[in-house]
Amino acid sequence: MGKTSSLLEDLIEKAGGCAVVDGGFATQLEIHGATINDPLWSALCLIKDPDLIKRVHLEYLEAGADILVTSSYQATIPGFLSKGLSIEEGELLLERSVRLAVEARDKFWDVTKRVPGHGYNRALVAASIGSYGAYLADGSEYSGCYGPDVNLDKLKDFHRRRLQVLVRSCPDLLAFETIPNKLEAQACVELLEEENVQIPSWICFSSVDGENAPSGESFKECLDIINKSKKVNAVGINCAPPHFLESLICKFKELTEKPIVVYPNSGEVWDGRAKRWLPSKCFGDDKFELYATKWRDLGAKLIGGCCRTTPSTIRAISKVLKEMS
Ligand SMILES: [Zn+2]
């Protein structure tokens, strides 16, 4: 898989065969009182409260995350432009998202590495690249319906500048997240090639039926595209409910040889009309411990959480995975 993959593979190995990705970012910002009800969502904090972003990164490191995902999920140049910022200001904010995570990682590691028997790994920083639907903020990252006007070139144009700026900011990894259809997977794969990106990456899909991509296209179709690329080092699912993952990991195992990454949401359901999360019935942190064990046994190499998971979820996952190794 080439030299770019070794960084990720080394971390997985050091973590005992399965590394821990961090958890919900916006969720934790909200717990600290940040208002993120905005099309820019957690990216709003890049402008208003960068110290809080760093604090949340530190909380996830403390909880045992081996990989920090940056706050750039919904940070896009067009999104910043619509807020009245200039292109230069938008680019600086993207760079800032990587820098804040790197600073948190370095700060945590400087202290931790001196503690005998600490049990932590030096974390990697993954620059988050949300799907086009995440930028639209209309829920299309869960429907995969981008409409007839959106073609491959439009998706590549949308992703290109942000990708360039994030790459220039030197994260350890790139994380494409909640990709809902084959076309956008294709756009990501072609962009990595065209830009000759040397940073390892993963591509994660969302899923709303536990079987296919949100667009209804099969994961076979989607993974066939990704399997052809040497620049994608892991593939998986994020922000789907946890009870989908067992069968999806089994499916992905048959469809690809690339390491599988999963970081589901908490299983709570977003009520779009009332704009609130409906209370979860059964997905507490203890449940995540069981799930993480199962997912690891099925072959997942990277496990974490997405929306509505918190540092305590990640602490539970990290503890159970590290006990096993
Ligand atoms: Zn999510």
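To start, this report covers the structure provided alongside it.

Conventions used here
- Residues numbered from 1 in each chain as written.
- Predicted model: local features only at pLDDT ≥ 70, side-chain atom pairs only at ≥ 80, totals over all residues.
- Core = buried A, V, L, I, M, F, W, Y, C linked by C-beta atoms within 7 Å.
- Buried ≥ 20, exposed ≤ 12 C-beta atoms within 10 Å, placed from the backbone.
- Contact = placed C-beta atoms within 7 Å.
- Helix = DSSP H or I, 4+ residues; strand = E, 2+ residues; numbered from the N terminus.
- Pairing = 2+ DSSP bridges.

### Quick look at the nonpolar core
For soluble globular proteins, nonpolar side chains are generally found buried alongside one another.
So, point 1. Counting 99 residues, the largest nonpolar core has Ala65, Leu68, Ala126, Ala175, Ile203, Val262 and Ile303 as its most contacted members.
So, point 2. Discounting residues that sit within four places of it in the chain, alanine 65 has contacts with Val20, Val21, Asp22, Tyr60, Ala123, Gly304 and Ile314.

### Considerations on unusual backbone geometry
So, point 1. Positive phi, normally seen in glycine, also occurs at threonine 178, with a value near 45 degrees.
So, point 2. With respect to the helices, strands and loops of the structure, threonine 178 is situated in strand E4 (residues 173-179).
So, point 3. C-beta crowding within 10 Å serves as the criterion here: with 26 such atoms nearby, threonine 178 is assigned to the buried category.
So, point 4. We note that cysteine 239 has phi near 55 degrees; this positive angle belongs to a residue other than glycine.
So, point 5. Tracing the sequence through the fold places cysteine 239 in the loop between strand E6 (234-238) and helix H11 (245-255).

### Examining the sheet that holds strand E3 (residues 124-130)
So, point 1. Ordered by their spatial adjacency, eight strands build an open sheet running E1-E10-E7-E6-E5-E4-E3-E2, and the pairing between neighbours is parallel. This sheet does not close on itself; its edge strands, each paired only once, are strand E1 (19-20) and strand E2 (67-69).
So, point 2. As judged from the four bridges shared by E6 and strand E7 (residues 260-263), these two strands associate in the parallel manner. Counted as the bridge partner of valine 235 is isoleucine 260 from E7.

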